[in-house]
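Remarks on the overall topology
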Amino acid sequence: MIPVVSIVGRKNSGKTTLIKGIVPELKKRGYRVGVIKHHAHELSLEDVDRVGKDTYEYQLCGAEAVVLSASNKLMLFRSAEEQQGIDSISRTYLRDMDIILTEGYKLENKPKIEVFRQEIGREQGLLCDQKGDNLAAVVSDSELDITVPCFDLLDYFLIADFLEKKFIQSKKLKTIELLVDGKSIFLNSFVCEILEKTVLGMISSLRGVPEFPQRVEVRIGAR
């Protein structure tokens, strides 16, 4: 599964600013980053599109899904009957990411980094419980007596280090390489995961295959 980390915190604590600082640091390291923004209220057509645009008109006349495709971007407008969970969105739209950051989704059981500012949450304390809310770290403008790592609001480099070591590298699959006529073919993390599970599952019941094989090679050639 692609690692997901939710950035949570009270209103105006700096969640968006933190994500905007983290993403470039992860991109510098060669990672593909997906971001999901949680919106608690219903979206109107005007919230996501502009009057007079073809995509707006297609939605207005009743199309359940409209795709705007260009050479550098792909935009999908799709009707939803209910709020979609993180896992559903990730599986459907973000399968080739190395890590997914979400803004919000405090109630979902994903690792969380809380943004905490003294001027906003001084009286109430942390929004997340250190044990029950899967709190992985806190980003704050003050020192806190907590059992999880605490970073400064502008420590984007160190926070990216934390995400890389704790979530991205720990989820890396075994090395999987696909060669077709001697040419190496790029495989994203989703395809690697499917190949690993499929091949290991198929050979696990074969006689002579060890329980934990160190290397597996499959060669398919023309007769």
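Remember, it's a predicted structure, so these values are computed and weren't measured experimentally.

1. Things to note about the nonpolar core
One finds L18, L26, I99, L101, I113, I159 and L163 to be the most contacted residues of the largest nonpolar core, which totals 24 residues. Put simply, the parts of the chain that give this core at least two residues each are β1 (4–9), α1 (15–28), β5 (99–103), β6 (112–116), β7 (135–140) and α6 (156–168). Per element, the largest residue contribution to this core is seven residues, and it comes from α6. Sequence-distant contacts of I159, defined by excluding residues within four places in its chain, comprise L18, I22, I113, V139, F151 and D152.

2. Details of the layout of surface pockets
When its volume is computed, the largest pocket comes out at roughly 1800 Å³. Lining the largest pocket are 36 residues, and of these L43, L76, R78, I89 and Y93 lie nearest its centre. Elements with a minimum of two residues in the lining of the largest pocket: β2 (33–37), α2 (45–48), β4 (74–78) and α4 (86–93). Approximately 1100 Å³ is the volume found for the second largest pocket. Around the second largest pocket, the lining is made up of 26 residues, and of these I176, E177, V216, E217 and V218 lie nearest the centre. Breaking the lining of the second largest pocket down by element, the ones donating at least two residues are β9 (178–180) and α7 (189–203). Considering every element that reaches the lining of the second largest pocket, the biggest residue donor is α7, with five residues. Taken together, the residues of the lining of the second largest pocket sort by class into 15 nonpolar, three polar and eight charged.

3. Points about the environment of D129
Considering the arrangement of structural elements, one finds D129 in the loop between α5 (118–121) and β7. By relative accessible area, which is 42% here, D129 ends up partly exposed. Counting along the chain gives 87 residues from D129 to E42, while the straight-line C-alpha distance between them is 28 Å.

4. Looking at the sheet that holds strand β8 (residues 150–152)
Sheets are built from strands paired through backbone hydrogen bonds, the pairs being either parallel or antiparallel. Strand order across the open sheet formed by six strands is β2-β5-β1-β6-β7-β8, with parallel pairing between neighbours. In the strand order of this sheet, the two ends are held by β2 and β8, each with one partner. Taken over all neighbouring pairs, the strand axes of this sheet differ in orientation by 25° on average, direction set aside. Here α1 sits on the sheet in contact with β1, β2, β5, β6 and β7, set at roughly 170° to β5.

5. Some words on the packing of aromatic side chains
What describes a pair of aromatic rings is the distance from one ring centre to the other and the angle between the planes of the rings. Tallying each qualifying case throughout the model produces two aromatic pairs. Ring geometry for F162 against F167: centres 6.1 Å apart, planes inclined by 80°, an arrangement best described as edge-to-face. Grouped by ring-pair contacts, the aromatic residues F151, F162 and F167 constitute a single cluster. Lying across the ring of F157, R29 places its NZ or CZ 4.7 Å from the centre. A cation over a ring is seen here: K166 above F167, with NZ or CZ 5.8 Å from the ring centre.

What counts and how
Residues numbered from 1 in each chain as written. Predicted model: local features only at pLDDT ≥ 70, side-chain atom pairs only at ≥ 80, totals over all residues. Heavy atoms only, no water. Core = buried A, V, L, I, M, F, W, Y, C linked by side-chain atoms within 4.5 Å. Buried < 20%, exposed > 50% of the residue type's maximum accessible area, 1.4 Å probe, protein only. Helix = DSSP H or I, 4+ residues; strand = E, 2+ residues; numbered from the N terminus. Contact = heavy atoms within 4.5 Å. 1 Å grid on protein atoms, 1.4 Å probe; cavity = no way out; pocket = protein on both sides within 12 Å on 5 of 7 lines; lining within 4 Å. Points joined across faces, edges and corners; volume = space filled by probe spheres on them. Nonpolar A, V, L, I, M, F, W, Y, C, P; charged D, E, K, R; others polar. Pairing = 2+ DSSP bridges. Axes fitted to C-alpha atoms, helices over the stretch in contact; angles between N-to-C directions. Phe/Tyr/Trp six-rings, centres within 6.5 Å; stacked < 30°, edge-to-face > 60°. Lys NZ or Arg CZ within 6 Å of the ring centre and 35° of its normal.

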